[in-house]
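# Inside the fold
Residues per chain, in single letters:
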Amino acid sequence: MTSSATPVEHLDVVIVGAGISGIGAAYYLQRDHPQRSFALLEARGTSGGTWDLFRYPGIRSDSDLHTFGYEFKPWRDRQSIADAPRILSYLRETVAENGLEERIRHHRKVVGVSWSSAEARWTVDVEHTDTGERSTLTAGWVFVAGGYYRYDEGFTPHFEGRERFRGPIVHPQHWPADLDHTGKRVLVIGSGATAVTLVPAMAGTAAHVTMLQRTPSYVLPVPREDKIAPLLRKWFGEERGYALTRRKNIAQQRLIWSFCQKHPKAARRLIRKINTKMLPEGYAVDEHFNPPYDPWDQRMCAVPDGDLFRAIRAGDASVVTDRIATFTENGVLLESGRELEADVIVTATGLNVQAFGGLRPVVDGRQVELSETVAYKGMMLSGVPNLAFAIGYTNSSWTLKVGLLCEHFCRLLRYMDEHGYDTCTPEPADPDMPTRPFLDFAAGYIQRAVDALPRQGDRMPWLTSVHYHSDVKLLRADSVADPELSFTRAAVPAAAVSA
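Since the structure is predicted, the reported quantities are computational estimates derived from the model, not experimental observations.

So, how was this worked out
- Residues numbered from 1 in each chain as written.
- Predicted model: local features only at pLDDT ≥ 70, side-chain atom pairs only at ≥ 80, totals over all residues.
- Heavy atoms only, no water.
- Helix = DSSP H or I, 4+ residues; strand = E, 2+ residues; numbered from the N terminus.
- Rg over C-alpha atoms; globule rule 2.2 N^0.38 Å.
- Buried < 20%, exposed > 50% of the residue type's maximum accessible area, 1.4 Å probe, protein only.
- Contact = heavy atoms within 4.5 Å.
- Areas by Shrake-Rupley, 256 points an atom, 1.4 Å probe, with all protein chains shown as cover.
- Lys, Arg positive; Asp, Glu negative; His and termini not counted.
- Charge placed at Lys NZ, Arg CZ, Asp CG, Glu CD.
- Pairing = 2+ DSSP bridges.
- Axes fitted to C-alpha atoms, helices over the stretch in contact; angles between N-to-C directions.
- Core = buried A, V, L, I, M, F, W, Y, C linked by side-chain atoms within 4.5 Å.
- Left-handed = near helix turned anticlockwise from the far one by under 90°.
- Nonpolar A, V, L, I, M, F, W, Y, C, P; charged D, E, K, R; others polar.
- Phe/Tyr/Trp six-rings, centres within 6.5 Å; stacked < 30°, edge-to-face > 60°.
- Lys NZ or Arg CZ within 6 Å of the ring centre and 35° of its normal.
- Salt bridge = Lys/Arg side-chain N within 4 Å of Asp/Glu carboxyl O.
- Patch = residues over 30% accessible without salt bridge, like charges linked within 9 Å, V, L, I, M, F, W, Y side chains within 5 Å.

### Some words on the overall build of the chain
Helix and strand counts for the chain stand at 14 helices and 25 strands. Against the globule reference of 23 Å for 499 residues, the chain gives a C-alpha radius of gyration of 24 Å, in line with a compact fold. Judged by the C-alpha coordinates and their principal axes, the chain covers about 80 × 55 × 45 Å. Across the 499 residues of the chain, 51% fall into the buried class. Put simply, of all contacts in the chain between residues at least 6 apart along the chain, 69% involve residues at least 24 apart. Counting only carbon and sulfur atoms, one obtains 51% of the accessible surface of the chain, whose full area is about 22000 Å². Each charge class in the chain can be summarised by its mean position, and for the 57 positive and 60 negative side chains these summaries are 6 Å apart.

Given below as structure tokens:
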């Protein structure tokens, strides 16, 4: 008797997501393990992740691209703080130059992953977002590179009377292509990186742009172009010049962060002095640009060439610090009694954090509760075999850590090959080890989701490092073998399972 069942495709590695992290993971995997089969499963119809999804005016990075870009691919553009089209072009160049397009499967959303210890493999359930079909494949490893927020919706708090407003209300995550703000009064609600990007970008053509914030953020002007980078490329060549620029900027990021952590009062005074110099004389700096928390308790907002301050000086933009009592037909009424009139309202109120793209792994029939797991080296979960994930830094360029994680992942695969292992599971030696939130960060979007995220421990390798040079030692130099990493062989050989 013959079976008519279609064989289930098996891959060595499934990478979830074809954004900046997934593309980087694919590069390292192909470079270090050319014999391995893998695919990137991307829910959307295009690659690029964040840099393709967001289309609001002025969308750009808030880290320099010499560190936000890949270590293996020099950033050659004159913009260091770069706009989204340039970043997207860079990512797609990376895909093309390394032949990765054939590895990307678009319109494939991973909706479930289930591990079998007996077979040492994941069963991956996939939804075809273009047709609604479902399919299944199996994989030795799952590498989750889908970012940290929900792609289908941004965060918008409840606003009393929202339905009364007669104009359009837009969230930056879902910017309408046909929205024309020319000559209109625009109200941007928010004070984070998105808001400080939107305000100067819209101010050039709007009648006026007002940024309404409940609480100020720290805002620092940074050069859009790195004047030293082209000199280093000229003197040392493309590759070496990029490496030196990258090293310089890593040190600069670290210096600023460390100074703010060690000397918060001095840092606050210095930032205030810079802001005062860039704002109109007599401006209420303490009301609008002096947060109640210390520098780097939340991520600081970078404004290239001080564009936000220039828009305020020119009279094209203004900042109001107050709370909304209710929306009205013509704008919003503040708790102070003042009404801000607007033709367009933009709710730059943040993201919805979602770990693992909403995936809830199942291990041997038991669903894993992420909040009950502890992160191992910031890239695996306690008790969950053969699953890695990419979460970058919150206090410097995201990709700096992701690159190290990808390298470590490839080293881990090589170690398993050399020793004949097919299963790798992090297990704390002390099950009663004290834990704390995975991300010790005060930002609202993190705090809203912190209880649903994995935890971190009180010692290495269960601490979530936020220091690049410490991670270089941990993830690039140290051995992948670890007493708290369990390596085993499956009871059923893979060949027997596939037969």
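Here the narrative resumes.
### Let's talk about the sheet that holds strand 13 (residues 324–328)
Ordered in space as 13-14-15, the three strands form an open sheet in which the pairing is antiparallel. A strand with exactly one partner marks an edge of an open sheet, and here the two such strands are strand 13 and strand 15 (339–341). Ignoring strand direction, the axes of neighbouring strands in this sheet form an average angle of 20 degrees. Here four bridges tie strand 13 to strand 14 (residues 331–334), and the two strands are oriented antiparallel to one another. Bridged to I324 within strand 14 is L334.

### Remarks on the nonpolar core
The biggest cluster of nonpolar side chains holds 126 residues, and the ones touching the most others in it are I15, V124, W141 and F143. Looking at this core, the element that brings in the most residues is helix 11 (residues 398–419), giving twelve residues. Non-local contacts of V124, meaning those with residues more than four positions away in its chain, are made with L41, V110, G112, V113, S135, T136, L137, A139 and V142. Listed in part, the 13 residues of the second largest apolar core include V320, F327, A342 and I345.

### Structural notes on the packing of helix 6 (residues 228–236) against helix 7 (residues 238–262)
Taken N-terminus to C-terminus, the directions of helix 6 and helix 7 make an angle of 140 degrees; their axes are 7 Å apart at the nearest point. In this structure, helix 6 meets helix 7 at a crossing whose hand is right-handed. Touching I228, A229, L232, R233 and F236 of helix 6 are E238, R240, G241, Y242, L244, T245 and K248, all from helix 7. Across the contact of helix 6 with helix 7, the residue classes tally to six nonpolar, two polar and four charged.

### Things to note about the packing of aromatic side chains
One pass over the full model with this rule turns up 19 aromatic pairs. For the pair Y70 and F72, a centre-to-centre distance of 4.7 Å together with 10 degrees between the ring planes defines the contact as stacked. Of the two residues examined, Y70 and F72, each falls in the buried class. Site record: aromatic cluster; members linked through ring pairs are Y27, Y28, Y70, F72, W75 and Y90. Its guanidinium or amino end placed over the ring of F38, R103 lies 4.0 Å from that ring's centre, counting from NZ or CZ.

### Notes on the environment of L412
Along the chain, the position of L412 falls in helix 11. Each C-alpha atom of the pair L412 and R360 lies 24 Å from the other, and the pair is 52 residues apart in sequence. Not counting chain neighbours up to four residues away, the residues in contact with L412 comprise W141, M380, C424, V480, L485 and F487.

### Section: the pattern of salt bridges
Overall, the coordinates contain 27 salt bridges when judged by the stated rule. For D52, the salt bridge goes to R55, with nearest N and O atoms at 3.1 Å. By relative accessible area, which is 5% here, D52 ends up buried. Linking E225 and K227 is a salt bridge whose minimum nitrogen-to-oxygen distance equals 3.8 Å. Take E225: its relative accessible area is 27%, and that puts it in the partly exposed class. Here the salt bridges share partners, and the residues they tie into one network are R44, D52, R55 and R92.

### A look at unusual backbone geometry
The peptide bond linking M460 to P461 adopts the cis configuration, its omega dihedral lying at 5 degrees. Residue placement: P461 occurs in the loop between strand 24 (455–456) and helix 13 (468–477). At W296, a position not held by glycine, the phi torsion is positive, near 70 degrees. By the element assignment, W296 lies in the loop between helix 9 (285–289) and strand 11 (301–304). A positive phi angle is found at D364, which is not glycine, with a value near 50 degrees. Tracing the backbone through its elements, the reader meets D364 in the loop between strand 17 (362–363) and strand 18 (366–367).

### What to know about a nonpolar patch on the surface
A contiguous nonpolar patch, built from L231, W235 and F236 and spanning about 350 Å² of accessible area, is present on the exposed surface. Mapping W235 onto the fold places it in helix 6.

### A few points about the sheet that holds strand 9 (residues 208–213)
Taken together, the five strands give an open sheet; going across it, the order is 7-16-8-9-12, and neighbouring strands pair in parallel fashion. Two strands lie at the open edges of the sheet, namely strand 7 (169–170) and strand 12 (317–321), each paired on one side alone. Relative to the sheet, helix 5 (residues 193–203) contacts strand 8 (185–189), strand 9, strand 12 and strand 16 (344–347), its axis offset from that of strand 9 by approximately 165 degrees.

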